[in-house]
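These are the residues of each chain, in order.
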Amino acid sequence: MFNLIRRDVILQKRQLIIFIPFILFFIIMGVPPVLTFLVSSIFIPFNTYAYDEKAETNILLNSLPYTRAEIIASRYLGAIVYMILSIGVTSLALFAFNQSFTIADVAIGSGLFLLFAGLTFPLFQIFKPGYITTVILISFVILTLIARPMISFIAEHLTAITDFIANASILALYTGAALAILTVYVISWGITTIIYQRKAF
Amino acid sequence: MENVVELKNVTKKFKDFSVKPIDLQVKQGFITGFIGENGAGKSTTIKMMMNLLRPDAGEIKVFGLDYRTHEKAIKQRIGFVYDGNVFFEGLNLKDIKRIVAPAYQRWDDALFYQYVEKFQLPLNKAMKTFSKGMQMKASLAVALSHHAELIIMDEPTAGLDPIFRRELLGLLQELMIDGDRTIFFSTHITTDLDRIADYIAFMQGGNLVFNQSVHDVAENYALVKGGLDLLDRDTEQAFVHVQRASTGFEALTDNIQAVKDIFGDTVLMERASLEDIMYYSKGGVSHV
């Protein structure tokens, strides 16, 4: 299983060279740290999927002594591992450029990443190869675009929710969000495993 | 004699094609050639053996084990070679080895480099720059480097030039010196099998027509030639398929004794090649 996670590094050696300038670009442009954390976390796991949507890759992985459950587990655990590494690298870069960020930025960035991963990973198993990367990229852009109007809409019209959030303590809020995201992630893991086990290659 | 692979009543249905209930045994320590025209169900059967596809019904056992409970243990002992390149095409052989090797408990680095040298494979060039023959050699090097007991190959000789095809067949024979090893490979180039196969499994239209030793195939099947006047509805029963021409008929039989009893010396009998068997079986309504 560890081998499957390590595989991503071997596979993406070259892309990793782009990774650093990519983050630096975000930092120099003065993008909010939350977004930088989110984008840097997305980089490796979603690149892996770009490889794995090919039928040949699945034939190879499934012919090697791995179970299908392990292959999916490596993706979900790998996403977390690479998220942590990416956040580490990004933090160092931010630090080097003397830009301030808070633990909250890290928490929100990684939370959003896990949510995004949890929502999109099963889609990779449903959509036909070739389309999925486009679908994900577009949905990511749309999500980013509509997130702000949506939040202000909720703030204005659904006062019950905002009141609840405003009244809850910061700790309760973070814990609640963390638990909710974790639940989404675990459910997504389960769904993807079930779909993947029924697939034919 | 032990069976390495056992398929019992296995079926698989697709929208426009189905594998009928088949029973297939692959014997340990031998080379079994798997023949049939394109679309006969060979690849489907091989994929089911590798658990890439699940059968709709029936039972598949490899090394006497079930995929449901022993998937990893089974695959540890299998080496696989597929028709196309399944390795990441942007990677070089060294990186592919880095990805594949840790998956196997019995991976043998020294052996791998021995094959790399033998096949003259470049370690630092991307797979996509390899010729078809080199890709096949690379797949083989990977498949052979973890002391697999069973080697499953789907059309390994397709698209290879005749010289390398012979080299490959020679290599397979060399591998068999180690007596426990089993090789199962599909091909539609039947002359490959005349050289090395011990058993022949023949599939057609989703049916397994036979799975016999080369010796039995030669004993059971024959090409029969004779005058048209010998044929009638009864005598035709002895043939799998009859082809008529103005000069006489040529037919394939799977029952040499019956033909001898019916026709005696009036017909000419020749050894049927695998290609003859495939060709005539396709044209005829087989009556078993």
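Everything numeric in this text was worked out from a predicted model, so none of it was measured.

The rules behind these values
Residues numbered from 1 in each chain as written. Chains lettered and ligands numbered in written order. Predicted model: local features only at pLDDT ≥ 70, side-chain atom pairs only at ≥ 80, totals over all residues. Contact = placed C-beta atoms within 7 Å. Nonpolar A, V, L, I, M, F, W, Y, C, P; charged D, E, K, R; others polar. Pairing = 2+ DSSP bridges. Helix = DSSP H or I, 4+ residues; strand = E, 2+ residues; numbered from the N terminus. Domains from an automatic or database assignment. Axes fitted to C-alpha atoms, helices over the stretch in contact; angles between N-to-C directions. Core = buried A, V, L, I, M, F, W, Y, C linked by C-beta atoms within 7 Å. Buried ≥ 20, exposed ≤ 12 C-beta atoms within 10 Å, placed from the backbone. UniProt positions renumbered as here; feature names shortened; annotations may be inferred.

Q: Would you mind going over the interface of chain B and chain A in detail, with residue names and values included?
A: At the junction of the two partners, chain B supplies 22 residues and chain A supplies 17 residues. Taken together, the residues of the side of chain B that touches chain A sort by class into 14 nonpolar, three polar and five charged.

Q: So, the pairing of strand E11 (residues 222–226) of chain B: which residues are in play, and what are the values?
A: All names here are of chain B. As defined by bridge partners, E11 adjoins strand E13 (residues 248–253) across five bridges and the pair is classed as antiparallel. Of the residues in E13, the one forming a bridge with lysine 225 is glutamate 250. Strand direction decides the pairing type here: E11 and strand E14 (residues 268–271), joined by four bridges, are antiparallel. Looking across to E14, one finds that alanine 222 is bridged to arginine 271.

Q: An account of the domain arrangement of chain B is requested, with residue identities and associated values reported.
A: All names here are of chain B. Entries for chain B in the domain assignment read domain 1 (3–217) and domain 2 (221–283). Here the C-alpha centroids of domain 1 and domain 2 sit 35 Å apart. Tallying the contact residues gives nine residues for domain 1 and eight residues for domain 2. The leading source of residues in the side of domain 1 that touches domain 2 is strand E9 (residues 199–204), at three residues. Its residues placed into classes, the side of domain 1 that touches domain 2 shows six nonpolar, two polar and one charged.

Q: Please give an account of the sheet that holds E11(B) that cites residues and values.
A: Strand pairing in a sheet relies on backbone hydrogen bonds. The paired strands run either parallel or antiparallel. Residue and element names in this part refer to chain B. Here we have four strands laid out as an open sheet, ordered E12-E13-E11-E14, and antiparallel in their pairing. Unpaired on one side and paired on the other, strand E12 (241–245) and E14 mark the two borders of the sheet. With strand direction ignored, the average angle separating the axes of adjacent strands in the sheet is 20°. Those strands touched by helix H9 (residues 256–263) are E11, E13 and E14, and its axis lies near 20° from that of E11.

Q: Go over the nonpolar core, please, and point to the residues and values.
A: Counting residues in hydrophobic clusters, the biggest one holds 82 residues, and the most contacted among them are Ile152(B) and Ile200(B). Looking at this core, the element that brings in the most residues is helix H5 (residues 132–144) of chain B, giving seven residues. When residues of this core are assigned to domains, at least three fall in each of domain 1 (3–217) and domain 2 (221–283) of chain B. Once you skip the residues sitting within four places of it in the chain, Ile152(B) turns out to touch Ile46(B), Met49(B), Met50(B), Ile78(B), Phe80(B) and Phe184(B). Counting residues in each nonpolar core, the second largest holds 22 residues, with Tyr76(A), Tyr82(A), Ala117(A) and Phe124(A) among its members.

Q: Before we move on, can you summarise the UniProt feature "transmembrane region" (unreviewed entry) in chain A with the specific residues and values?
A: Per the UniProt record, "transmembrane region" (unreviewed entry) is found at residues 16–44, 76–97, 103–124, 131–151 and 171–196 of chain A. The distance from the first to the last C-alpha atom of residues 16–44 of chain A is 8 Å, and the span holds 86% helix and 0% strand.

Q: Describe unusual backbone geometry, with residues and values.
A: In this structure, Asn98(A) is a non-glycine residue whose phi angle is positive, near 60°. Of note, Asn98(A) is situated in the loop between helix H5 (68–96) and helix H6 (103–126). Phi at Asn9(B) takes a positive value of approximately 50°, unusual for a residue other than glycine.

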